[in-house]
Amino acid sequence: MSDEEHDKGTVGYMMEVGALKRMKRSGWWIAGVKDPETIAEHSFRTAVIGSVLAMMEGADPAKVALLCTFHDTQETRVGDIPWIGRRYVTAAGNERVTADQVSKAHPAVAAGIQAIVQEYENGDTLEVRVARDADKLECMIQGLEYLEQGYRNAQEWVDSTRAKLKTPSALALAEAAQTMSSLEWQRTYLP
């Protein structure tokens, strides 16, 4: 492949990932949320939460943020299949989807992204454990925000994702989150 073809393949991947800004997290529809967050919104806050958890756990914040950033990029191709749907659908593994997504990208880009996804899906390092907790903690916090908006069915997501947290820092932050309103952060600056 020529450099020009690799450049187009790389930009094509970037454009594909941009679709995540328009794709909703479908599990929240099951909870009755009318306008749920997008996959990109989820991934952004997951990366921030992952960085914070990494700092607290002594992991590499940049590595965790990278793992979190790419953890759901495959959903441009397979969608956001809710847990109940996974019982009936067999989707290609995230590693295979990623390989297809970056197949025409610059070789260094393809190898780098594939390595990140491979590590997230199969690794057991502190960084991977923290990244997975960040994904769950973000879902739990989002559920708390939906509860505040009146979506009572979000409680099941809060409870089920909290139960899957493993790191001491994620558990501590989950506990704190359940004692706060989503606007409490403003009190730091408001009289």
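Look up a bit, the structure's there.
The rules behind each value
- Residues numbered from 1 in each chain as written.
- Predicted model: local features only at pLDDT ≥ 70, side-chain atom pairs only at ≥ 80, totals over all residues.
- Heavy atoms only, no water.
- Helix = DSSP H or I, 4+ residues; strand = E, 2+ residues; numbered from the N terminus.
- Buried < 20%, exposed > 50% of the residue type's maximum accessible area, 1.4 Å probe, protein only.
- Contact = heavy atoms within 4.5 Å.
- Lys, Arg positive; Asp, Glu negative; His and termini not counted.
- Charge placed at Lys NZ, Arg CZ, Asp CG, Glu CD.
- Phe/Tyr/Trp six-rings, centres within 6.5 Å; stacked < 30°, edge-to-face > 60°.
- Core = buried A, V, L, I, M, F, W, Y, C linked by side-chain atoms within 4.5 Å.
- 1 Å grid on protein atoms, 1.4 Å probe; cavity = no way out; pocket = protein on both sides within 12 Å on 5 of 7 lines; lining within 4 Å.
- Points joined across faces, edges and corners; volume = space filled by probe spheres on them.
- Nonpolar A, V, L, I, M, F, W, Y, C, P; charged D, E, K, R; others polar.
- Axes fitted to C-alpha atoms, helices over the stretch in contact; angles between N-to-C directions.
- Parallel < 35°, antiparallel > 145°, perpendicular 65-115°, else oblique.
- Left-handed = near helix turned anticlockwise from the far one by under 90°.

A. Highlighting the overall build of the protein chain. A tally of helices and strands in the protein chain yields 11 helices and zero strands. Each helix (α) and strand (β) of the protein chain, taken in turn from the N terminus, gives the series α-α-α-α-α-α-α-α-α-α-α. Principal axes of the C-alpha set define a box for the protein chain whose edges measure 60 × 35 × 35 Å. Per-residue burial for the protein chain yields a buried fraction of 41% across its 191 residues. Pairs at least 24 apart in sequence give 65% of the contacts found in the protein chain among residues at least 6 apart. In the protein chain, 21 side chains carry a positive charge and 28 a negative one; their mean positions are 5 Å apart.

B. Highlighting the packing of aromatic side chains. This structure, assessed with the given rule, holds three aromatic pairs. Summarising the aromatic geometry, the rings of Trp28 and Tyr146 are spaced 4.9 Å apart at their centres and angled 70° between planes, so their arrangement reads as edge-to-face. Residue Trp28 is found in helix 2 (residues 27-30), and its partner Tyr146 is found in helix 9 (residues 126-148); the two are separated by 118 residues along the sequence. Each member of the pair, Trp28 as well as Tyr146, is classed as buried. Centre to centre, the rings of Trp28 and Trp157 are 5.6 Å apart; their planes meet at 35°, and the pair counts as tilted. Residue Trp28 is located in helix 2, and its partner Trp157 is located in helix 10 (residues 154-162); the two are separated by 129 residues in the primary sequence. Note on accessibility: Trp28 and Trp157 belong to one class, buried. The rings of Trp28, Tyr146, Tyr151 and Trp157 are connected pair by pair, giving a single aromatic cluster.

C. Spatial organisation of the nonpolar core. Leu53, Val64, Leu137 and Met140 are the most contacted members of the largest nonpolar core, which totals 30 residues. Those elements giving two or more residues to this core turn out to be helix 3 (39-57), helix 4 (61-70), helix 8 (107-122), helix 9 and helix 11 (168-177). The residues contacting Met140, other than those within four sequence positions of it, are Val158, Thr161, Arg162, Ala174, Ala177 and Gln178. Counting eight residues, the second-largest nonpolar core is a separate cluster that includes Trp28, Ala31, Val33 and Tyr146.

D. Region of interest: the layout of surface pockets. By volume, the largest pocket amounts to about 940 Å³. For the largest pocket, the lining is made up of 32 residues, of which Asp80, Ile81, Trp83, Arg86 and Asp135 are closest to its centre. Where the lining of the largest pocket is concerned, the elements lending two or more residues are helix 2, helix 5 (75-78), helix 6 (83-86), helix 8, helix 9 and helix 10. Grouping the constituent residues of the lining of the largest pocket by class yields 13 nonpolar, eight polar and 11 charged. The volume enclosed by the second largest pocket comes to roughly 490 Å³. Forming the walls of the second largest pocket are 18 residues, and the residues nearest its centre are Arg45, Ile141, Glu145, Ala177 and Met180. Listing elements by their share of the lining of the second largest pocket, those giving two or more residues are helix 3, helix 9 and helix 11. A per-class count over the lining of the second largest pocket returns 12 nonpolar, two polar and four charged.

E. Summary view of the packing of helix 9 against helix 11. Relative orientation of the contacting elements helix 9 and helix 11 amounts to 5°, with a least axis distance of 11 Å. As the angle between them shows, helix 9 and helix 11 are arranged roughly parallel. Contact residues: helix 9 offers Asp133, Leu137, Met140, Ile141 and Leu144, while helix 11 offers Ala170, Leu173, Ala174 and Ala177. In terms of residue class, the contact of helix 9 with helix 11 is built from eight nonpolar, no polar and one charged.

F. Focus on the packing of helix 3 against helix 4. Direction vectors running N to C along helix 3 and helix 4 enclose 155°, while the axes themselves pass 8 Å from each other. By the criterion of interaxial angle, the relationship of helix 3 to helix 4 is roughly antiparallel. As helix 3 packs across helix 4, the resulting crossing turns out to be right-handed. Contacts between helix 3 and helix 4 involve Ser43, Thr46, Ala47, Gly50, Ser51, Ala54 and Met55 from the former and Pro61, Val64, Ala65, Cys68 and Thr69 from the latter. In terms of residue class, the contact of helix 3 with helix 4 is made up of seven nonpolar, five polar and no charged.

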